[in-house]
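# Survey of secondary and tertiary structure
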Amino acid sequence: MSQTNGDEDSYFFQVCGPNEALVVSGCCHSRPLMVAGGRVFVIPCVQQLQRITLNVMTLNVESPRVYTHEGVAISVTGVAQVKIQGQNQEMLAAACQQFLGKSEEQIRRIALETLEGHQRAIMGTMTVEEIYQDRKKFAQAVFRVASTDFVNMGIIIVSYTLKDVRDEEGYLKALGMTRTAQVKKDARIGEAEAQRDSGIKEANAEEQRMKARFSNDTEIAAAQRDFELKKAAYDMETQTKKAEAELAYELQAAKTKQMIKEEQMQIKVVERAQQIQVQEQEIARRERELEAQIKRPAEAEKYRLETLADANAKRVLMEAEADSEAVRLKGEAEAYAIEAKAKAEAEQMAKKADAWRDYQEAAMVDMVLETLPKVVAEVAAPLSQTKKVTMVSSGKGELGAAKITGEVMDIVERLPQVVESMTGVDMSKALKLQARSV
């Protein structure tokens, strides 16, 4: 706040903080002396000291129901930070001319009304969409237009921002709903495209990863194969050299051992030769002794035993030959008997065939008669194994055992018909002819 303080007249030097400026006018100054944030010498009674604030002032700029370029009424709230410029002497002089002696609240109201007028003017040149969607553009337009007037008043606009945009008709809400729907649609589309692109990129990345992995595995396998081949070659060469060295060592050791053995054998040969000479002399002596005491009796005993052994061997050989001859003769006899039996059976079969050929019906009748008792026995066999028989009769004909016997006889009576159907021989006629011939 700018005013004259009576207590300050008694002081020659006056100071102020960085947030205010001192203005000295009167004697010795053709123009007022302005000092921002400093000190000044003041002569009481002939000079006047005044102060002007340099504090930042916050302005809430309200513009209710202002029609935009398209005729839509909206309300806008802006926030601005303004202050008197104390570093520029010309702007400070302009501010002193217009605001010296006024309170800070009066300065704030003047600045607010000026800025609100410019804000309303800019609102009339723009659409709701431009104001709502591009707030930076709106703020820059208000700042640019209002700055000229504020500079002329010695005030600078530190900052200006659009705080709020609203309307009472629901235009912004509808615009927001439309934009929200569009954004949601774009978001869904973007999400789907992102998922698609992500899937494609993941598939490509997986493909590249698998290719790299397979290539790496192939290179590792090739390197492993080369390593194994080289290692096998080196191992084979090493083992070969090692085996050759071992064989050379063993061969040399064997040669050395052989030489040692030869020397030892030579020593033994010499020793043995001496021993042989001694033994030969001893043997000659013993032979003469044995010949006299044992050899001749032994030769006699040997001759006797050899003679007995030869006789025993001849006996065993003759017994074996006799057994072999007996077995052979027995086998020939059995073979002859089998052959004779086979010939007899063959002759019997031939004679039977001749009889069949000569007598045909009579022979067949004879065979049937021989077989008939067996057939009757087989027919009656089930009855012999039956424990209980339950018979049902209509009251006509025979009953009990007579009925069973009659049924067996009926079966036997049908046999000639069966024989005739199988062989073509009439049993009844053949029996009559046989009876007549007798």
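Analysis parameters
- Residues numbered from 1 in each chain as written.
- Predicted model: local features only at pLDDT ≥ 70, side-chain atom pairs only at ≥ 80, totals over all residues.
- Heavy atoms only, no water.
- Helix = DSSP H or I, 4+ residues; strand = E, 2+ residues; numbered from the N terminus.
- Buried < 20%, exposed > 50% of the residue type's maximum accessible area, 1.4 Å probe, protein only.
- Contact = heavy atoms within 4.5 Å.
- 1 Å grid on protein atoms, 1.4 Å probe; cavity = no way out; pocket = protein on both sides within 12 Å on 5 of 7 lines; lining within 4 Å.
- Points joined across faces, edges and corners; volume = space filled by probe spheres on them.
- Nonpolar A, V, L, I, M, F, W, Y, C, P; charged D, E, K, R; others polar.
- Salt bridge = Lys/Arg side-chain N within 4 Å of Asp/Glu carboxyl O.
- Pairing = 2+ DSSP bridges.
- Axes fitted to C-alpha atoms, helices over the stretch in contact; angles between N-to-C directions.
- Expected span 1.5 Å × (residues − 1).
- Arc of directions from axis to C-beta.
- Parallel < 35°, antiparallel > 145°, perpendicular 65-115°, else oblique.
- Left-handed = near helix turned anticlockwise from the far one by under 90°.

### Let's talk about the overall build of the chain
A count of helices and strands for the chain gives 9 helices and 8 strands. The burial tally for the chain puts 20% of its 438 residues in the buried class. Of all intrachain contacts in the chain linking residues separated by at least 6 positions in sequence, the fraction that spans at least 24 positions is 67%.

### Describing the layout of surface pockets
As a volume, the second largest pocket reaches approximately 150 Å³. Around the second largest pocket, the lining residues are Val23, Arg31, Pro32, Met34, Gln89, Glu90, Ala93, Cys96, Gln97 and Leu100. Elements that contribute at least two residues to the lining of the second largest pocket include exactly strand E3 (29-36) and helix H1 (89-99). At 5 residues, the largest contribution of residues to the lining of the second largest pocket is made by H1. Along the lines of polarity and charge, the residues of the lining of the second largest pocket split into 6 nonpolar, 2 polar and 2 charged.

### Focus on the pattern of salt bridges
Applying the stated criterion across every chain yields a total of 14 salt bridges. We note a salt bridge from arginine 166 to aspartate 164, for which the minimum N-O separation is 3.2 Å. Accessibility expressed as a relative area gives 34% for arginine 166, which makes it partly exposed. The partner of arginine 225 in a salt bridge is aspartate 226, with the nearest N and O atoms 3.3 Å apart. Look at aspartate 226 and you get partly exposed, because its relative accessible area is 33%. Residues participating in the shared-partner salt-bridge network are Glu62, Asp164 and Arg166.

### Here we look at the sheet that holds strand E6 (residues 57-67)
Taking strand neighbours across the sheet as the criterion, the 3 strands line up as E6-E7-E8 in an open arrangement whose pairing is antiparallel. The open sheet terminates on both sides in strands that have one partner only, identified here as E6 and strand E8 (155-166). On average, adjacent strands in this sheet sit at an angle of 20° to one another, irrespective of strand direction. The pairing of E6 with strand E7 (residues 73-84) spans 9 bridges and is antiparallel. Residue pairing in the sheet places glutamate 62 in a bridge with threonine 77 of E7. Here helix H2 (residues 104-125) sits on the sheet in contact with E6, E7 and E8, set at roughly 35° to E6.

### Section: H2
In a regular helix each residue adds 1.5 Å, so 22 residues correspond to 32 Å; H2 covers 32 Å between its end C-alpha atoms and thus fits that length. Residues Ile107, Ala111, Leu115, His118, Gln119, Ile122 and Met123 constitute the buried set of H2. For H2, the buried positions fall inside an angular range of 140° around the axis, keeping them on one side. Contacts made by the buried residues of H2 are with E6, E7, H1, helix H3 (128-133), helix H4 (135-152) and E8.

### With respect to the packing of H2 against H4
How two helices pack is summed up by the angle between their axes together with the distance between the axes. It is the contact of H2 with H4, at a shortest axis distance of 9 Å, that shows an interaxial angle of 135°. Regarding the angle of H2 to H4, the classification is oblique. The crossing of H2 and H4 is right-handed. Side by side, H2 and H4 meet where Ala111, Thr114, Leu115, His118, Gln119, Ile122 and Met123 of the first sit next to Phe138, Ala141, Val142, Val145, Ala146, Asp149 and Phe150 of the second. Residues of the contact of H2 with H4, tallied by class, amount to 10 nonpolar, 3 polar and 1 charged.

Read these as spatial facts, not as claims about activity.
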